[in-house]
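Topology and contacts: notes
Take a look at the letters that make up each chain.
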Amino acid sequence: MTPKSLVLTVVALGIASTALAQVKPEDEIRFRQSVMNVVGRCFGPMIGMAQEKIPYNAEVVAKNTNIIQTVIGLHWKSFGPGTEKGAPTKADLKIWSETAKFNDLADKVQQEVGRLSQTVKGGDEKAIKAAIGDLGKACKSCHDDFRLKEVRT
Ligand code: HEC
């Protein structure tokens, strides 16, 4: 790479990171909701299986666990400063005053997803159902504290 093209690359990266810093709050809110909805859509049938409401399907569990594990870390940054409002949201304002607690619950859910993924590899249906239940509890404990029942603007 010539020095000139290197400079151009750095300039291009500078522009890219500036653009990144300027993601609009409404886009961040939509992004976090989209990721959460993907996670929820994947997790729904799994919870149904764990509760024996629908037949167990190991293939669906493996596929959905993979998707959840891939996306679960993507959207926590989209709860950053300045994203309290800007679009309709169920995010409780406490997220921005009790941030450490919120982040702990986000870490915890990621750990549970990792544990579920390991358990899925083991193939023991009973253990997998228990791990799905544990993950559900980790989702719920954050929703109980930090997700509003109604959308606010
Ligand atoms: C650290 C906190 C936290 C954890 C952990 C968490 N969520 Fe959420 N979730 C939220 C918040 C806050 C919102 C609302 C976001 C918004 O509207 O801006 C939300 C929204 C959602 C929504 C959209 C609901 C709606 O009404 O639009 C779904 C679905 C969802 N979460 C599923 C899950 C699942 C499944 C898990 C576990 C695998 C999970 N969440 C873990 C905090 C969390």
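Residues numbered from 1 in each chain as written. Predicted model: local features only at pLDDT ≥ 70, side-chain atom pairs only at ≥ 80, totals over all residues. Heavy atoms only, no water.

1. Digging into the coordination of the iron atom of the ligand
Under the convention used in this document: Coordination shells were defined by N, O and S atoms within 2.8 Å of each metal, extended to 3.2 Å for Na, K and Ca; water is absent from the atom set, which can make sites look incomplete. The geometry test gives tetrahedral to four donors whose angles all lie between 85 and 135 degrees, gives square planar to four donors and octahedral to six donors whose opposite members are over 155 degrees apart with all other angles between 65 and 115, and gives irregular to the rest. Where helices and strands are cited, they refer to DSSP runs of H or I of at least four residues and of E of at least two residues respectively, numbered from the N terminus. Burial classification: accessible surface area is computed with a 1.4 Å probe over protein chains only, and a residue below 20% of its type maximum counts as buried, one above 50% as exposed, and the rest as partly exposed.
For the iron atom of the ligand, every protein donor is listed as M36 (SD) and H143 (NE2), and the spread of their distances is 2.0 to 2.7 Å. Classification of the site at the iron atom of the ligand as octahedral follows from its six donor atoms and the range of 84 to 180 degrees in their angles at the metal. Highlighted residues: M36 in helix α2 (residues 25-50) and H143 in helix α5 (residues 125-146), separated in sequence by 107 residues. On the accessibility criterion, M36 (28% relative accessible area) is partly exposed. For H143, a relative accessible area of 26% translates into the label partly exposed.

2. Considerations on the environment of K129
Cut-off, in case you're wondering: Residues are treated as being in contact if the distance between any of their heavy atoms lies within 4.5 Å.
In this fold, K129 is placed in helix α5. A C-alpha to C-alpha distance of 9.2 Å links K129 and Y56, two positions 73 residues apart in sequence. Apart from the residues lying within four places of it in its own chain, the contact partners of K129 are M49, A50, E52 and Y56.

3. Re the packing of α2 against helix α3 (residues 58-71)
Our working definition: Between the N-to-C directions of two axes lies an angle of 0 to 180 degrees, each axis being a line fitted to C-alpha atoms and, for a helix, fitted only over the stretch in contact. To sort the angles, those under 35 degrees are grouped as roughly parallel, those over 145 as roughly antiparallel, those from 65 to 115 as roughly perpendicular, and the leftovers as oblique. Crossing handedness follows the turn of the near helix against the far one: under a right angle anticlockwise gives a left-handed crossing, and clockwise gives a right-handed one. Put simply, Ala, Val, Leu, Ile, Met, Phe, Trp, Tyr, Cys and Pro go in the nonpolar bin, Asp, Glu, Lys and Arg in the charged bin, and everything else, Gly too, in the polar bin.
Running from N to C, α2 and α3 cross one another at 150 degrees; their axes reach a closest spacing of 9 Å. Compared by their axis directions, α2 and α3 come out roughly antiparallel. When the axes of α2 and α3 are compared, the crossing they make is left-handed. In contact with V35, V38, V39, C42, F43, P45, M46 and M49 of α2, α3 contributes V60, V61, N64, T65, I67, I68 and V71. Classifying every residue of the contact of α2 with α3 gives 13 nonpolar, two polar and no charged.

4. A word on the side chain of T65
Cut-off, in case you're wondering: As used in this structure description, the phrase polar contact means that two N or O atoms lie within 3.5 Å; if the pair is within protein, one of them must be able to donate a hydrogen and the other to accept it, and residues adjacent in sequence are counted only when both atoms belong to side chains.
Tracing the chain through its elements places T65 in helix α3. For T65, the side chain forms a polar contact with the main-chain oxygen of V61, separated by 2.7 Å. If we ignore the near neighbours within four places in the chain, the residues touching T65 are M46, L116, S117 and V120.

5. Concerning the site of the ligand
Our working rule: One heavy atom within 4 Å of a molecule or strand makes the whole residue count as near it.
Near the ligand, the surroundings consist of 22 residues, among which M36, K90, C139, C142 and H143 are the closest. A distance of 2.8 Å separates an oxygen atom of the ligand from a polar atom in the side chain of R32. In the model, an oxygen atom of the ligand is placed 2.9 Å from a nitrogen or oxygen of the Q33 side chain. Elements supplying a minimum of two residues to the shell around the ligand: α2, β1 (89-91), α4 (99-122) and α5. If you tally residues by element for the shell around the ligand, the top one is α2, at seven residues. Residue classes in the shell around the ligand are distributed as 14 nonpolar, five polar and three charged.

Take it as geometry only, folks, not as evidence of what the structure does.
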